[in-house]
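Breakdown of the fold
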Amino acid sequence: MTDVALLPADEQAPLEGVIKGEVLRMYQEVAEHPEGEFHFYHGRQAAELFGYEPEWLDRALPGAVASFAGVGNPHLRSALQPGEAVLDLGSGAGLDSIIAAWQVGPTGRVIGVDLNPTMCRKAEAHAAASGVRMACHEGRMEDIPLPDASVDVVISNGVINLSFRKRTVFRELFRVLKPGGRLSITDIVSAKQLSQSIVNDPKLWAS
Amino acid sequence: MFVLLEDAGFQRVRSTVVPGFAFRKASTRDAAEAYGVKAVLFTAQKPAT
């Protein structure tokens, strides 16, 4: 959640690797066992809390809704238009990508990027079963696997806070957006610098 | 994140707190409150030229 690395570089790299593993594990757990208990609200309950249209949640594949693990509703301000190209950064089980795909229509396209290839395949399957297409690329948000100036809009939901290198993430978002492109992201911020004990705890960081 | 968006070159950066966001487990919720943790919706635009 911080924007500043607290650890020396030689200590940060191993911790970053452990946290990456914990992030992969936790969000795959949400996708595979959405009935489980987690630190955060998830599924339809969370989506309704954040103002997702009930008709979206009825229309999307139940598995995509049940695995929703966002922290807000980026669609409230995304103003997506037919034909636009959208990047869903950290696309997870695919609910936000599916909703975006409905809005940009068949002349638009939605590209997901997720750290977890299993989640990518799951999101693509959820999208197909919901009547839309999205292409998901395995990749890191600090090194987005897309060309410069290739998307009109970036959406993201509760993902960037998981990165140790947020400055790099925002530079990447700037790079992949076309001139005049926009972003609508929901994420977690903290008013105070997190303690070293929290930063060093992969489970807390990943939650 | 607001400052990081501006530093990256984005313009028209706006933020609004997400109402209703909370952690489910009481222990996490208490820690989050102590650190002023909030969910925020950010919007921003890349300059057209």
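Refer to the structure presented above.
I will try to describe carefully the structure that is included in this document. (Residues numbered from 1 in each chain as written. Chains lettered and ligands numbered in written order. Predicted model: local features only at pLDDT ≥ 70, side-chain atom pairs only at ≥ 80, totals over all residues. Heavy atoms only, no water.)

1. Some words on the side chain of Ser 184 of chain A
Inspection of the secondary structure puts Ser 184 of chain A in strand 5 (residues 177–189). Accessibility expressed as a relative area gives 1% for Ser 184 of chain A, which makes it buried. Within the structure, the side chain of Ser 184 of chain A is placed 2.6 Å from the backbone oxygen of Pro 74 of chain A, a separation counted as a polar contact. Residues within four places of Ser 184 of chain A in sequence aside, it is in contact with Pro 74, Arg 77, Ser 78, Val 154, Ile 155 and Ser 156 of chain A together with Leu 41, Phe 42 and Thr 43 of chain B. (Helix = DSSP H or I, 4+ residues; strand = E, 2+ residues; numbered from the N terminus. Buried < 20%, exposed > 50% of the residue type's maximum accessible area, 1.4 Å probe, protein only. Polar contact = N/O pair within 3.5 Å; in protein donor to acceptor, adjacent residues only side chain to side chain. Contact = heavy atoms within 4.5 Å.)

2. Observations concerning the state of the cysteines
Residue and element names in this part refer to chain A. Taken as a whole, this structure holds 1 disulfide over all chains when the rule is applied. The side chain of Cys 120 participates in a disulfide bridge whose partner is Cys 136; the two sulfur atoms lie 2.1 Å from each other. On the S-S bond that ties Cys 120 to Cys 136, the torsion sits near -55°, and the link is left-handed. With a gap of 16 residues between them, Cys 120 in helix 6 (residues 117–129) and Cys 136 in strand 3 (residues 135–138) connect regions that are remote in the sequence. (Disulfide = S-S within 2.5 Å.)

3. Some remarks on the interface of chain A and chain B
Counting from both sides, the interface comprises 45 residues of chain A and, opposite them, 33 residues of chain B. Carbon and sulfur atoms make up 65% of the area that chain A and chain B hide from each other, which totals about 3400 Å². One can count 1 salt bridge joining chain A with chain B. Here Arg 167 of chain A ties to Asp 7 of chain B by a salt bridge, and the two come within 3.1 Å at their closest N and O atoms. At the boundary of chain A with chain B, the tally comes to 11 residue pairs in polar contact (both at pLDDT 80 or more). Of all elements in the fold, only helix 7 (166–176) and strand 5 of chain A reach the threshold of two or more residues within the side of chain A that touches chain B. (Buried area = accessible area lost by both parts, 1.4 Å probe. Salt bridge = Lys/Arg side-chain N within 4 Å of Asp/Glu carboxyl O.)

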